[in-house]
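Read off the chains here:
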Amino acid sequence: MDNKYYQIEEVAAKTGLTKRAIRYYEDIELIKPIRTKSFYRLYTDEDIENILRIKDLKGKLGFSLNEVKDIFELELDIKSIFKGEKYDHDFIEDSIKKIEGQLKIIEEKEETLKKVKNKYIEILEKLLTINYNK
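Note that the structure is a prediction, hence the values are computed from the model and not measured.

J.: Where do I start with the overall build of the chain in this structure?
T.: Within the chain, the secondary structure is distributed over five helices and two strands. In sequence order, the secondary structure elements of the chain are arranged as α-α-β-β-α-α-α. Since a compact globule built from 134 residues should have a radius of gyration of about 14 Å, the 21 Å found for the chain marks it as more spread out than a globular shape. Its C-alpha atoms give the chain principal-axis dimensions of roughly 70 × 45 × 30 Å. Sorting the 134 residues of the chain into buried and exposed places 26% on the buried side. Put simply, of all contacts in the chain between residues at least 6 apart along the chain, 50% involve residues at least 24 apart. Where the 27 positive side-chain charges of the chain centre and where its 28 negative ones centre are 7 Å apart.

This is the structure we're talking about:
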């Protein structure tokens, strides 16, 4: 099966991001498009999926780009462990600690989101009360 490759303009249109943002993701090594001999960037469907994940993690869930990078690196580590490429005890222990750290970050974000949600529910209830009492 042949891979389909996309130029940056197509990726920008598919993801809703600017070319500058996409280049920045490459600069900080969140994505790694291939380069042609003329140095054009070519993106795969997997690159586009990763860009959309970055967008969701950053925009919808409030993760920083450093946190997103940590998530991506941890996923690569886990894949290498499950493939049997890395089966070093210390490496696995380190991965476990990283996962526990990610879970803590997620729980903190979840708690913050619950507080924001409850505040909005409270405000909505007050507004509805005012509106219905008129």
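From this point, the discussion proceeds with the structure in view.
J.: For this particular structure, what's the right way to read the environment of Gly62?
T.: Tracing the backbone shows Gly62 in the loop between α3 (45–60) and α4 (65–82). If we ignore the near neighbours within four places in the chain, the residues touching Gly62 are Leu57, Glu67 and Lys109.

J.: Explain the side chain of Gln102 here, please?
T.: Counting through the fold element by element, Gln102 comes out in helix α5 (residues 89–132). Residue classification places Gln102 among the buried positions, given a relative accessible area of 12%. Among residues more than four places away in sequence, those in contact with Gln102 are Phe63, Glu67, Asp70, Ile71 and Leu74.

The rules we used
- Residues numbered from 1 in each chain as written.
- Predicted model: local features only at pLDDT ≥ 70, side-chain atom pairs only at ≥ 80, totals over all residues.
- Heavy atoms only, no water.
- Helix = DSSP H or I, 4+ residues; strand = E, 2+ residues; numbered from the N terminus.
- Rg over C-alpha atoms; globule rule 2.2 N^0.38 Å.
- Buried < 20%, exposed > 50% of the residue type's maximum accessible area, 1.4 Å probe, protein only.
- Contact = heavy atoms within 4.5 Å.
- Lys, Arg positive; Asp, Glu negative; His and termini not counted.
- Charge placed at Lys NZ, Arg CZ, Asp CG, Glu CD.

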